[in-house]
Protein chains: 2
Amino acid sequence: MQTNHHVDTIVALATPPGSGAIGIIRLSGSRAIPIVNSIFKGKNLLLQQGYTVHYGEIIHESEVIDQVLITLFKTPKSYTGEDMVEISCHGSSYILETVIQLCIQKGAVPAMPGEFTQRAFLNGKMDLTQAEAVADLIASNASAAHKAALHNLKGGFKHVLDGMREQLIHFSALIELELDFSQEDVAFADRNALMDLLLQITQRTHQLLQSFTLGNVIKNGVKVAIVGKPNAGKSTLLNALLNEERAIVSAIAGTTRDTVEETLNINGILFKLIDTAGIRQHTTDEIEAIGIARSKKAIEQSDIVLFIFDINDSINEVLSQINQWDLAKHQCIAVGNKLDVSASNIQLLQQQFSNIPITNRHYISALQQDGIEALKLSLFNMATGDSLNFENTIITNSRHFAALQSLSQALQEVKQGIDNNIPGDLLALDIRRCLHFLGIITGRIETDRDILGTIFGKFCIGK
Amino acid sequence: MQTNHHVDTIVALATPPGSGAIGIIRLSGSRAIPIVNSIFKGKNLLLQQGYTVHYGEIIHESEVIDQVLITLFKTPKSYTGEDMVEISCHGSSYILETVIQLCIQKGAVPAMPGEFTQRAFLNGKMDLTQAEAVADLIASNASAAHKAALHNLKGGFKHVLDGMREQLIHFSALIELELDFSQEDVAFADRNALMDLLLQITQRTHQLLQSFTLGNVIKNGVKVAIVGKPNAGKSTLLNALLNEERAIVSAIAGTTRDTVEETLNINGILFKLIDTAGIRQHTTDEIEAIGIARSKKAIEQSDIVLFIFDINDSINEVLSQINQWDLAKHQCIAVGNKLDVSASNIQLLQQQFSNIPITNRHYISALQQDGIEALKLSLFNMATGDSLNFENTIITNSRHFAALQSLSQALQEVKQGIDNNIPGDLLALDIRRCLHFLGIITGRIETDRDILGTIFGKFCIGK
């Protein structure tokens, strides 16, 4: 399905900018192979098979630019579905820029962000949910986000939507069959069976919509504020939480200890710890007030609050802190610290603090790293609602969420239509609207160029 | 020539870190293909040819990590000369790190910086001058450095050295033939012919040594300080110089206008302009002195000084500025500015300022960009000594320079030996020393592991 919007052959750097051993330049389009062949000294690329690699030189007016490896892909067996060439150069910015300029001189045009994937979509190699999963996959920096993206890239969400679409089309076909025989007043479509089908689809839609909360957690992580009065042990708790982190995680996320946010990976979900521990002890009341205001701001910005208190303090002192920060209003875990310097045991503490208006309570020693694992599990469960099953599709994309909301409403209207016994032709129109919202998600309907621009504009160039 | 130091199969990321469309992981060693095959779902890679590409999935305990393209290279037709695999993944740090960890679990070891190229050297795929050129090529960010590196990568320097080596071996063979027949007192080696040969090699060595000044300029760029009294037009000149710069250059070099150094590319040579223009006009004598001190520091750090003065100032004023900065001691170009607001023409100015102790003089209007091209040409010629011919080998590496200096000295000793009629066996020993220093450059002699470590340690990992 070659269409007119993309007759150009496009070129872009496909690897991250910067120096490296290898840099890859990618071309896609009907002239990809002739363009590269015209600047290549080696075998005649026009005569080679797809999925083969060829060593040679990129030349410009008899001057050698680089020694390269060329990989060929032929339509339709390529990422975009078009003829594609990958040029593997030495990873010098100078060389890569020069080779891209040469390709442009020979007739290629610079690719827009996401244009390779957009072509894959336009050529029917993937639907929109899969195309969007490519960007999510590249951006994923923890295992849950990676799994959700890969599930969608492999067509997990597409499969669910295709199933719903088939059911709706079946439903629609029965209604329309009735219309053809309307003069004979035959009811092909058993209204009860139709209603059952509708409820199934509605339920599936609601499941998907509900999964968006988890999807957001997976895709964007969970913001956690650690609050507590000075000396309650905020810094020690932060260190204890981060301590067990495998070094690899901070290397991946590119986080540094200099930033105010630390990143904690629990079972593949990223928790972004808003570090109010940096707020030092203050002597004057005025500065103390500034510290409390900052903590309040952190609480407002967070999804979950870790409230840390000293178990050697009185219950009234602790209750006053909870009131001070309005913690009962938030998703909150209360963390009683300093088990190591307390005469009480956990059982006694549970009695002592049974009145505090936070149901999720832990008693730990941050210093001795005692109780940290259980606390992490609570954080994970609170964030994911105990359920993280990648067999089920999880919505992570707000565009999909919006379309599913519209679908939900349209399904509701179909249901009301049946309840009100509206004529079959009107019912058929309402079902069409449902199919329309499904089509918006997968891109099966004629997708507005502006919407495509928004979707693919978020990609990096070269993808 | 598989040797014992590198029986391991190594793995590393070959593309720059960060997000991109594609990230490439590279393996080299006898187990490269089996290791990747054990985590690959697709064709059996063990049965495939070299220089072919295969689509499939990287899996770990039945969980899919990524959809990838695998490129196979088989010994000896690969970069390292060993079996090699390139895994082309989606460019997510999470995925790339996970796949590398999987390869390590299956028995690969993380590559040291430059270890792929080191193996190419150890397996006889390239000599040391070519291996070092790989690193230079990746680091090159302007055409001259790129050409010099590519010339060496293609064996340009190796070829010169091999020629010298052959001549010396021929020389040595004649001397040693004499030794075999020494009792018969036959002189196979015509001393005059030998001396001629020696002079040729000595001359070639000196040419190479001399090229190092240019090589340094090519590889490291030229530092240029722009000095002049406030209001002489330093900022305007800087802008005029940079103005004609093609946008592409700053994109390549990654330079920003925020830094104190601006980069100017003239005919492929990078000039690093030390911007003293930022030193603002001062009113008090004390702050004026600080400005002069800063300019002096910039002059000390620079290779070339651009001295800009106002042609409407008196000759005495200009001479006092030249004295103030001791400019006669430096490589300097005098730039008379403000032709646009002067009644004089260039001929008159040449007379007026004929006394200044700087022979290279330009008269320009920085504001109207008049005379800028001629000034750039002067800068280029002063930096390169008018000669930039890539047909000739240019030494850019200080290790090579040091070895060539030793060679030059050893050649001198052979020459003295002939002059002093020393016995043939001693002469043969002296010639061996010359061959030794040549061998140090190419790595033909047994190269010390420490030296190899130093050479390849400068590489990025994955090369």
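Residues numbered from 1 in each chain as written. Chains lettered and ligands numbered in written order. Predicted model: local features only at pLDDT ≥ 70, side-chain atom pairs only at ≥ 80, totals over all residues. Heavy atoms only, no water.

Enquirer: Can you walk me through the overall build of chain A in this structure?
Expert: Of regular secondary structure, chain A possesses 16 helices and 13 strands. Expressed as a percentage of its 463 residues, the buried residues of chain A come to 53%. For chain A, contacts bridging at least 24 residues in sequence account for 70% of all contacts bridging at least 6. Accessible surface, chain A as shown: approximately 21,000 Å² in total, 49% of it carbon and sulfur. (Helix = DSSP H or I, 4+ residues; strand = E, 2+ residues; numbered from the N terminus. Buried < 20%, exposed > 50% of the residue type's maximum accessible area, 1.4 Å probe, protein only. Contact = heavy atoms within 4.5 Å. Areas by Shrake-Rupley, 256 points an atom, 1.4 Å probe, with all protein chains shown as cover.)

Enquirer: It is not clear to me how the packing of aromatic side chains should be interpreted in this structure. Could you clarify?
Expert: Under the definition given, this model contains 12 aromatic pairs over all chains. Ring centres of A:Tyr51 and A:Phe73 lie 5.2 Å apart, and the angle between their planes is 80°; on these two criteria the pair is classed as edge-to-face. Here A:Tyr51, found in the loop between strand 3 (40-41) and strand 4 (52-60), pairs with A:Phe73, found in strand 5 (residues 63-73); they are 22 residues apart in sequence, far enough to count as distant. Exposure remark for A:Phe73: the relative accessible area of 4% places this residue in the buried category. Three or more aromatic residues joined by ring pairs form one cluster here, namely A:Phe307, A:Phe309, A:Trp325, A:Phe353 and A:Tyr363. Sitting over the face of the ring of A:Tyr79, A:Arg26 holds its NZ or CZ atom 5.2 Å from the ring centroid. Its guanidinium or amino end placed over the ring of B:Phe116, B:Arg26 lies 5.4 Å from that ring's centre, counting from NZ or CZ. (Phe/Tyr/Trp six-rings, centres within 6.5 Å; stacked < 30°, edge-to-face > 60°. Lys NZ or Arg CZ within 6 Å of the ring centre and 35° of its normal.)

Enquirer: Quick question: what am I supposed to make of the pairing of strand 5 of chain A here?
Expert: For a regular strand, side-chain orientation follows a simple rule: the groups alternate between the two sheet faces. All names here are of chain A. Across the 11 residues that make up strand 5, a large majority, 10, are buried. The sheet contact formed by strand 4 and strand 5 spans nine bridges and is antiparallel. Bridging from a neighbouring strand, isoleucine 59 pairs with valine 64 of strand 5. Where strand 5 meets strand 6 (residues 84-91), five bridges bridge the pair, whose relative direction is antiparallel. For threonine 71, the partnering residue across the bridge sits in strand 6 and is glutamate 86. (Pairing = 2+ DSSP bridges.)

Enquirer: Where do I start with the interface of chain A and chain B in this structure?
Expert: Many analyses report the size of an interface as the accessible area lost when the parts associate. Listed by partner, the interface residues are 51 residues for chain A and 51 residues for chain B. For the pairing of chain A and chain B, the buried interface totals around 4,100 Å² over both sides, and the portion due to carbon and sulfur atoms is 68%. Where chain A packs against chain B, one counts two salt bridges. For the pair chain A and chain B, the number of links is 12 residue pairs in polar contact (both at pLDDT 80 or more). Broken down by secondary-structure element, the contributors of at least two residues to the side of chain A that touches chain B are strand 2 (20-28), strand 4, strand 5, strand 6, helix 2 (93-105), helix 4 (128-139), helix 5 (143-153) and helix 9 (247-253) of chain A. Looking at the side of chain A that touches chain B, the element that brings in the most residues is strand 5 of chain A, giving eight residues. Residues that form the side of chain A that touches chain B fall into these classes: 24 nonpolar, 18 polar and nine charged. (Buried area = accessible area lost by both parts, 1.4 Å probe. Salt bridge = Lys/Arg side-chain N within 4 Å of Asp/Glu carboxyl O. Polar contact = N/O pair within 3.5 Å; in protein donor to acceptor, adjacent residues only side chain to side chain. Nonpolar A, V, L, I, M, F, W, Y, C, P; charged D, E, K, R; others polar.)

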